[in-house]
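Overview (structure and organization)
Below, each chain spelled out in residue letters.
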Amino acid sequence: MAAEKLPALDCACASLRRASRAVTQLYGAALRDSGVTPTQLTLLQALGRMGPVPQGALGRLLVLDPTTLSRTLRPLARAGWIRSAAGRDRRESRWALSARGRRQFERARPVWEGIQRELKARVGGGEWRRLLEDLADVAGAASLPAAHPSP
């Protein structure tokens, strides 16, 4: 099935937000019966990949501010999918995937892999890797302090 061709938007922010909403809706519909949301799956994947990690490092990887990250981690901790341990000092929290969280992620993984394959086919295999690299570049560039702050 060919991807629907939408008109280009002039604004990078609007274009990325539109793409984000469409992809989140697609993944959300696919994951609906798996017991995890796309946001939760992202956090489980990141913690599974990084291992025990300070909350700040997790926030930097996902470009989430501390308040949003804390609010997003809380339900995962209540569900027993992740656990927090003290870091080098009392102010630092280190987060890790629990055995229960790993099992939850493994239950959702086949659904995630299926929707990944489907979207990759819709986008086109040759474009897929470039898309992921370009998005990482855009996120990195946007995370830099503005060169020309507005007055």
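Please refer to the structure placed before this passage.
Residues numbered from 1 in each chain as written. Predicted model: local features only at pLDDT ≥ 70, side-chain atom pairs only at ≥ 80, totals over all residues. Heavy atoms only, no water.

A closer look at the sheet that holds strand β1 (residues 53–54)
Hydrogen bonds between backbone atoms are what pair the strands of a sheet, whose relative direction is either parallel or antiparallel. Pairing within the open sheet is antiparallel, and its 3 strands lie in the order β1-β3-β2. Either end of the sheet is taken by a strand with one partner, and the two such strands are β1 and β2 (82–86). Sheet topology note: the β2/strand β3 (residues 93–97) ladder contains 5 bridges and is antiparallel. The residue bridging Ser84 from the neighbouring strand is Trp95, located in β3. Packed on one face of the sheet, helix α2 (residues 38–50) meets β1, β2 and β3 and runs near 100 degrees to β3. (Pairing = 2+ DSSP bridges. Helix = DSSP H or I, 4+ residues; strand = E, 2+ residues; numbered from the N terminus. Contact = heavy atoms within 4.5 Å. Axes fitted to C-alpha atoms, helices over the stretch in contact; angles between N-to-C directions.)

Overview of the nonpolar core
One finds Leu58 and Ile82 to be the most contacted residues of the largest nonpolar core, which totals 24 residues. Elements that contribute at least two residues to this core include exactly α1 (12–31), α2, α3 (55–62), α4 (66–78), β3 and α5 (99–123). The contact partners of Leu58, leaving out residues within four places of it in the chain, are Leu43, Ala46, Leu47, Met50, Val53, Leu69 and Leu73. (Core = buried A, V, L, I, M, F, W, Y, C linked by side-chain atoms within 4.5 Å. Buried < 20%, exposed > 50% of the residue type's maximum accessible area, 1.4 Å probe, protein only.)

A look at the environment of Val53
Mapped onto the elements of the fold, Val53 is located in strand β1. On the accessibility criterion, Val53 (4% relative accessible area) is buried. When the C-alpha positions of Val53 and Gly87 are compared, they lie 9.0 Å apart, and in sequence the two are 34 residues distant. Contact partners of Val53, with chain neighbours within four places excluded, come to Leu47, Leu58, Ser93, Arg94 and Trp95.

A word on the pattern of salt bridges
The tally for this structure, following the rule as stated, stands at 4 salt bridges. The partner of Arg109 in a salt bridge is Glu113, with the nearest N and O atoms 4.0 Å apart. Of this pair, Arg109 and Glu113 are both found in helix α5, 4 residues apart, which corresponds to roughly one turn of the helix. With a closest N to O distance of 2.4 Å, Arg122 and Glu118 form a salt bridge. Of this pair, Arg122 and Glu118 both sit in helix α5, 4 residues apart, roughly one helical turn. A relative accessible area of 29% places Arg122 in the partly exposed class. (Salt bridge = Lys/Arg side-chain N within 4 Å of Asp/Glu carboxyl O.)

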